[in-house]
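One letter stands for each residue in the lines below.
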Amino acid sequence: MSALVYLDYAATTPVDPRVAEAMSRHLTLDGIFANPASRSHMLGWQAEQAVESARRQVADAIGADPREIVWTSGATEADNLALIGFLRANRARGRHLVTSRVEHKAVVDTATALEAEGFEVTWLTPGRDGRVTPAQLREALREDTVLVSLMAVNNELGAVHDLAALAEVAHAGGAAFHVDAAQAVGRIPLDVTRQGIDLLSLSGHKVYGPKGIGALYVRRSPDIRVEALIHGGGHERGMRSGTLPTHQIVGMGEAFALAAAEGESDQGRITALRDRLLEGLADIDGVHRNTDIAVAVPNILNLAFEGVDGESLLMALRNVALSTGSACNSASVEPSYVLKGIGVPRRLALASLRFSFGRFTTEADIDQALSALRHALTGLRR
Ligand SMILES: *Cc1c(COP(=O)(O)O)cnc(C)c1O
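**Student:** I'd like to hear about helix H2 (residues 42–61), residue by residue, with values.
**Tutor:** Spanning 20 residues, H2 covers 29 Å between terminal C-alpha atoms, matching the ideal 28 Å at 1.5 Å per step. Taken together, the buried positions of H2 are occupied by Gly 44, Ala 47, Ala 50, Val 51, Ala 54, Arg 55, Val 58, Ala 59 and Ala 61. A positive phi of about 70° marks Gly 63, the residue just after H2.

**Student:** Please give an account of the sheet that holds strand S7 (residues 199–203) that cites residues and values.
**Tutor:** Taken in spatial order, the seven strands make up an open sheet running S2-S8-S7-S6-S5-S3-S4, and their pairing is mixed. Two strands in the sheet have a free side with no partner beyond their single neighbour: strand S2 (69–72) and strand S4 (120–124). With strand direction ignored, the average angle separating the axes of adjacent strands in the sheet is 20°. Bridge count between strand S3 (residues 96–100) and S4: five bridges; the pairing is parallel. When the sheet's bridge partners are listed, His 96 is paired in S4 with Glu 120. Lying over the sheet, helix H3 (residues 75–89) contacts S2, S3, strand S5 (145–149), strand S6 (176–180), S7 and strand S8 (214–218), oriented at roughly 160° with respect to S7. The strands that helix H6 (residues 163–172) touches are S5 and S6; relative to S6, the one it contacts most, it runs at about 150°.

**Student:** Describe the domain arrangement of the chain, and please don't skip the residues or the numbers.
**Tutor:** Here the chain is described as being made up of domain 1 (5–13 + 263–381) and domain 2 (17–258). Between domain 1 and domain 2, the C-alpha centre-to-centre distance is 28 Å. Facing 33 residues of domain 1, the contacting portion of domain 2 comprises 34 residues. Considering only the side of domain 1, the residues that lose the most area to domain 2 are Tyr 337, Ile 342 and Arg 359, jointly responsible for 24% of the buried surface there. For the interface between domain 1 and domain 2, the tally reads zero salt bridges. Applying the counting criterion to the domain 1 and domain 2 interface returns 15 residue pairs in polar contact (both at pLDDT 80 or more). Elements that contribute at least two residues to the side of domain 1 that touches domain 2 include exactly helix H7 (246–281), strand S10 (300–305) and helix H9 (337–341). The dominant element in the side of domain 1 that touches domain 2, judged by the number of residues it contributes, is H9, at four residues.

**Student:** I'd like a description of the packing of aromatic side chains, backed by residues and values.
**Tutor:** All chains considered together, the criterion is met by four aromatic pairs. Geometrically, the ring pair formed by Tyr 208 and Phe 360 is edge-to-face, given 5.8 Å between the ring centres and 85° between the ring planes. Placement of the pair is Tyr 208 in the loop between S7 and S8 and Phe 360 in the loop between strand S12 (352–356) and helix H11 (363–381), with a sequence separation of 152 residues. Residue class for Tyr 208 comes out buried when judged on its relative accessible area of 4%. Taking 6.3 Å as the distance between ring centres and 65° as the angle between the ring planes, the aromatic pair formed by Phe 305 and Phe 355 counts as edge-to-face.

**Student:** Tell me about the site of the ligand, and please be specific about residues and values.
**Tutor:** Around the ligand there are 13 residues in total, and Thr 76, Asp 180, Gln 183, His 205 and Lys 206 lie nearest to it. Within the contact set of the ligand, an oxygen atom lies 2.7 Å away from a side-chain nitrogen or oxygen of Gln 183. Taking Ser 203, its side chain carries an N or O atom lying 2.7 Å from an oxygen atom of the ligand. If the ligand stood free it would expose 380 Å²; the protein chains cover 88% of that surface.

**Student:** Describe the sheet that holds S10, and please don't skip the residues or the numbers.
**Tutor:** Pairing within the open sheet is antiparallel, and its three strands lie in the order S9-S10-S12. Edge strands, defined here as strands with exactly one partner in the open sheet, are strand S9 (287–289) and S12. Across the sheet, the mean angle from the axis of one strand to that of its neighbour is 30°, orientation sign disregarded. With five bridges connecting them, S10 and S12 associate as antiparallel partners. Across the sheet, Ile 300 pairs through a bridge with Ser 356, a residue of S12. Relative to S10, H7 is tilted by about 15°, and along the sheet it contacts S9, S10 and S12.

About the criteria used
- Residues numbered from 1 in each chain as written.
- Predicted model: local features only at pLDDT ≥ 70, side-chain atom pairs only at ≥ 80, totals over all residues.
- Heavy atoms only, no water.
- Helix = DSSP H or I, 4+ residues; strand = E, 2+ residues; numbered from the N terminus.
- Expected span 1.5 Å × (residues − 1).
- Buried < 20%, exposed > 50% of the residue type's maximum accessible area, 1.4 Å probe, protein only.
- Pairing = 2+ DSSP bridges.
- Axes fitted to C-alpha atoms, helices over the stretch in contact; angles between N-to-C directions.
- Contact = heavy atoms within 4.5 Å.
- Domains from an automatic or database assignment.
- Buried area = accessible area lost by both parts, 1.4 Å probe.
- Salt bridge = Lys/Arg side-chain N within 4 Å of Asp/Glu carboxyl O.
- Polar contact = N/O pair within 3.5 Å; in protein donor to acceptor, adjacent residues only side chain to side chain.
- Phe/Tyr/Trp six-rings, centres within 6.5 Å; stacked < 30°, edge-to-face > 60°.
- Near = heavy atom within 4 Å.
- Areas by Shrake-Rupley, 256 points an atom, 1.4 Å probe, with all protein chains shown as cover.

Here is the structure:
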């Protein structure tokens, strides 16, 4: 029996061995293990240096200043800090937030919690390609809109938003612009200055770094204010307290430096792999693309297989690790709210799988997945 093929990179990526190696040097007694906030000895300074060097690596990957990076436990926390922290800090200016129906749950559920707190949310419905247009956003802005939150790359579809155009509309309406970029680093060009982004959420583990670490970019000029959600010690300029996890941070820094250096060539190779999968499926009937590949990253491909149940198909594909939607939904049998959000009929949404590729995907992986798919579809459709 052949080994397991991993095609679920959008759920998480394996840690790059170069990242794991850097992390391992920041854990044990013979390494840089001290508390980076310890000012009274050399080991503390060394740890602080390691943290600051990683802060620069992350800042460089998105065109930011290191002083604009706030470490968090992941993109979920960064999204919470961006939305709740910004809206609470800017209460006096207005209480309206604009976002979309196909954002990650970290944004959707946070915005819903804010509604219960008395803020108002406009939920934009994207087009069939998974994207909100600048014209749609313009229409939704109000006098009291203070924040717009739209993702860079959709985690289920791969759809890429035109960030610069959307930022321009938000700013013209007097609102700040937050972007969830968890799936974007190393996949599309990111530059917070050129794209006019005020708040940007990042995750380590979607970029071949470790789980449990992320960051929020917070623009300094013009000054963007967020109220802390986690108190105690005043770390990260008061925006996020807690002892900094040196090894996690070093890992994320190394991962982001690698993404900046190798992301483009990774994506080139992955495009060929995605196309190989599509070509291999070309002669199978009833395969629909939920992903509009003209506007999507090559590493995420969402497909519907007419006449089969997605869960049964996953079951039959025992040797291929895939997802029917976002990993966070895999316990429920409801169709993906993202597919529903772009108007995929329920019947097809329930027959959909997300293929996501990455740095370590090979042609042999694609071929093995194709033959498994062929076999499973024939069996299930019989
Ligand atoms: C994975 C993901 C998140 C959550 O990131 P964590 O670091 O796991 O908290 C948020 N948004 C998007 C788009 C994601 O893909």
